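Survey of secondary and tertiary structure
What follows is each chain in one-letter form.
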Amino acid sequence: MPAAAQHRRPRRNRIVRTLAVVGTGAAVLALPVIGATTASAAGSSATTASTTLAGYPNNLDGWIRESLAIMHEKSIPGTYNGIYRNLMRESSGNPRAINLWDSNAAKGIPSKGLLQVIDPTFKAYHVDGTSFDIYDPVANITAACNYAAARYGSIDNVNGAY
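Everything in this summary refers to the structure shown in the same document. (Residues numbered from 1 in each chain as written. Predicted model: local features only at pLDDT ≥ 70, side-chain atom pairs only at ≥ 80, totals over all residues. Heavy atoms only, no water.)

With that out of the way, let us pick up helix H6 (residues 137-152). With 16 residues, H6 should reach 22 Å at 1.5 Å per residue; the first-to-last C-alpha distance of 21 Å fits that figure. The element H6 is largely enclosed, with a buried count of 12 among its 16 residues. If you check which residues of H6 are buried, you get Pro137, Val138, Ala139, Asn140, Ile141, Thr142, Ala143, Ala144, Cys145, Tyr147, Ala148 and Ala149. The inward-facing, buried residues of H6 abut helix H2 (60-73), helix H3 (80-91), strand S2 (111-112) and helix H5 (119-125). Backbone nitrogen of Val138 and a side-chain oxygen of the N-cap are separated by 3.2 Å at the start of H6; the cap is Asp136. Gly153 sits one or two positions beyond H6 and adopts a positive phi of about 95°. (Helix = DSSP H or I, 4+ residues; strand = E, 2+ residues; numbered from the N terminus. Expected span 1.5 Å × (residues − 1). Buried < 20%, exposed > 50% of the residue type's maximum accessible area, 1.4 Å probe, protein only. Contact = heavy atoms within 4.5 Å. Polar contact = N/O pair within 3.5 Å; in protein donor to acceptor, adjacent residues only side chain to side chain.)

This is the structure in structure tokens:
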């Protein structure tokens, strides 16, 4: 069929379709929030989140709070907000994050974990009572904060790559 003879839809339909797609996307985005809210309101029979050996929730909030407790015992300065701000910038909260492209990686020592610590720094600033696994969230946070305290006074003073 020649192009001139093809049927054209009125412009109004295209706008309606666009609004329908946008509206559908918003509904899809809202579903997880609605589902999560409903699930959290479940009764006492709901399964609780796992905890660390120290009894903290085995999630980002729990790892930070456990690290802060250890840091307090060892007189390592830092706050929840300082830790959270830095680890979100460094790893987006992924304890298995690894940087395979920067200058450290080019030297064969990639940055790893929540606060993107390299192996030599982790070993030098490891805090007794934490795991020797650089990917362990509490050990990674605590060693990184120990390093930041020695170099910058506190993790709170770190506002970029360190």
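So much for the structure itself; the text now carries on.
This next bit is on the packing of H2 against H6. Running from amino to carboxyl end, H2 crosses H6 at an angle of 50°, the nearest separation of the two axes being 9 Å. Considering their axes alone, H2 and H6 lie oblique with respect to each other. Handedness of the H2/H6 crossing: right-handed. In this structure, H2 contributes Trp63, Ile64, Glu66, Ser67, Ile70 and Met71 to the contact, and H6 contributes Pro137, Val138, Ile141, Thr142 and Cys145. (Axes fitted to C-alpha atoms, helices over the stretch in contact; angles between N-to-C directions. Parallel < 35°, antiparallel > 145°, perpendicular 65-115°, else oblique. Left-handed = near helix turned anticlockwise from the far one by under 90°.)

Take the packing of aromatic side chains next. Following the criterion strictly, the structure yields 2 aromatic pairs and no others. Aromatic side chains Tyr80 and Tyr84 sit 6.4 Å apart centroid to centroid with 10° between the ring planes, which places their arrangement in the stacked category. Of the two residues, Tyr80 and Tyr84 both sit in helix H3, 4 residues apart, roughly one turn of that helix. Geometrically, the ring pair formed by Tyr125 and Tyr147 is edge-to-face, given 5.3 Å between the ring centres and 75° between the ring planes. With a gap of 22 residues between them, Tyr125 in helix H5 and Tyr147 in helix H6 connect regions that are remote in the sequence. The class for Tyr125 is partly exposed, based on a relative accessible area of 26%. Above the face of the Tyr135 ring, Arg96 is positioned so that its terminal group lies 4.1 Å from the ring centre. (Phe/Tyr/Trp six-rings, centres within 6.5 Å; stacked < 30°, edge-to-face > 60°. Lys NZ or Arg CZ within 6 Å of the ring centre and 35° of its normal.)

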